[in-house]
Amino acid sequence: MNVAKIAMFAGTLLLFTAAAAQDLIYTSFFSSSAVGGYDPVAYFTDGKPVKGDSRFKLRYKGANWYFASAGHRRMFQMNPGKYIPQYGGYCAWAVAHNDTAKGDPLQWTIHDGKLYLNYDQQTQADWSADRDHWIEAADRYWPQVIQ
């Protein structure tokens, strides 16, 4: 195989990889943990992020979800849509801009009964300044932004 063919193959492979769809639920590159291993139910019941426990793990929508207790896992199983972060846990600000970025489980908001994550503290402050506007924008782009 000559150099031109190798370069063409590598370029095609790079384009294919870049164009691949992202997962519906955000997990980091080296992990399959949703919400960074934090218990999604705890945001609602405890009003704060609580690390999940591997004893209370559940596989759902291609990701591992961790819970602080069997009771929280059961609550999630009964109504996962209530507890899954909006936009699959991707940064709500990024989705509002037709992009994706990691959602940090420590940068969170519950608004109108829904959990939202943001990339970092500054991004969350920017998003919070006009939350309803950004949610409306993100809803227009989701889920096409990950396809």
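What you see is a predicted model; the values in this text were computed from it and never measured.

## Overview of the overall build of the protein
A tally of regular secondary structure across the protein gives 7 helices and 4 strands. For the protein, the N- to C-terminal ordering of α and β elements is α-α-β-β-α-α-α-β-β-α-α. Looking at the protein alone, contacts between residues at least 24 apart form 55% of all its contacts between residues at least 6 apart. Surface accessibility of the protein: about 8600 Å² in total, with carbon and sulfur atoms responsible for 55%.

## Focus on the environment of K51
Secondary-structure assignment places K51 in the loop between α2 (42-45) and β1 (53-60). In this structure K51 touches G36, G37, Y38, D39 and A68, once residues within four positions along its chain are discounted. A polar side-chain atom of K51 sits 2.9 Å from the main-chain carbonyl oxygen of G36.

## What to know about the pattern of salt bridges
Applying the stated criterion across every chain, the model contains 2 salt bridges. Linking R55 and D53 is a salt bridge whose minimum nitrogen-to-oxygen distance equals 2.9 Å. Where E136 meets R140, a salt bridge forms, and the shortest distance between an N and an O atom there is 3.7 Å. Linking E136 with R140, this pair stays in helix α7 (residues 131-141), spanning 4 residues, or about one helical turn. Take E136 and R140: they sit in the same class, and that class is exposed.

## Brief notes about the pairing of β1
Regular strands have side chains that alternate between both faces of the sheet. Note that β1 and strand β2 (residues 63-67) share 5 bridges and pair antiparallel. Bridged to D53 within β2 is F67. The antiparallel hairpin formed by β1 and β2 contains 2 residues in its connecting segment, where K61 sits at a positive phi of about 50°.

## Quick notes on helix α6 (residues 121-129)
Taken together, the buried positions of α6 are occupied by T123, Q124 and W127. Considered in projection along α6, the buried side chains sweep an arc of 100° and stay on one side of the axis. Residues of α6 that are exposed and point over 90 degrees away from its buried face: Q121, Q122 and A129. Elements in contact with the buried residues of α6: α5 (92-96), β3 (104-111), β4 (114-118) and α7. Structurally, the start of α6 carries an N-cap: the backbone nitrogen of Q122 is 3.3 Å from a side-chain oxygen of D120.

## Thoughts on the nonpolar core
I25, A34, V35, W65, F67 and F76 are the most contacted members of the largest nonpolar core, which has 16 residues in total. Residue contributions to this core peak at 3 residues, all from β2. Excluding anything up to four places from it in sequence, F67 contacts D39, P40, V41, G52, D53, F56, L58, H72, R73 and F76. Residues Y90, A92, W134 and A137 belong to the second largest nonpolar core, which totals 14 residues.

## Here we look at the packing of aromatic side chains
Counted under the stated rule, the structure contains 12 aromatic pairs. Seen from their ring centres, Y26 and Y90 are 5.4 Å apart, and the 65° between their planes marks the pair as edge-to-face. Here the residue Y26 occupies a position in the loop between α1 (3-19) and α2, and Y90 occupies one in the loop between α4 (80-83) and α5, the gap between them amounting to 64 residues. Measuring from centroid to centroid gives 5.0 Å for W65 and F76, while their planes differ by 35°, and the two rings are tilted. Of this pair, W65 sits in strand β2 while F76 sits in helix α3 (residues 70-78); the two residues are 11 residues apart in sequence, bridging distant segments of the chain.

Rules used in this analysis
Residues numbered from 1 in each chain as written. Predicted model: local features only at pLDDT ≥ 70, side-chain atom pairs only at ≥ 80, totals over all residues. Heavy atoms only, no water. Helix = DSSP H or I, 4+ residues; strand = E, 2+ residues; numbered from the N terminus. Contact = heavy atoms within 4.5 Å. Areas by Shrake-Rupley, 256 points an atom, 1.4 Å probe, with all protein chains shown as cover. Polar contact = N/O pair within 3.5 Å; in protein donor to acceptor, adjacent residues only side chain to side chain. Salt bridge = Lys/Arg side-chain N within 4 Å of Asp/Glu carboxyl O. Buried < 20%, exposed > 50% of the residue type's maximum accessible area, 1.4 Å probe, protein only. Pairing = 2+ DSSP bridges. Arc of directions from axis to C-beta. Core = buried A, V, L, I, M, F, W, Y, C linked by side-chain atoms within 4.5 Å. Phe/Tyr/Trp six-rings, centres within 6.5 Å; stacked < 30°, edge-to-face > 60°.

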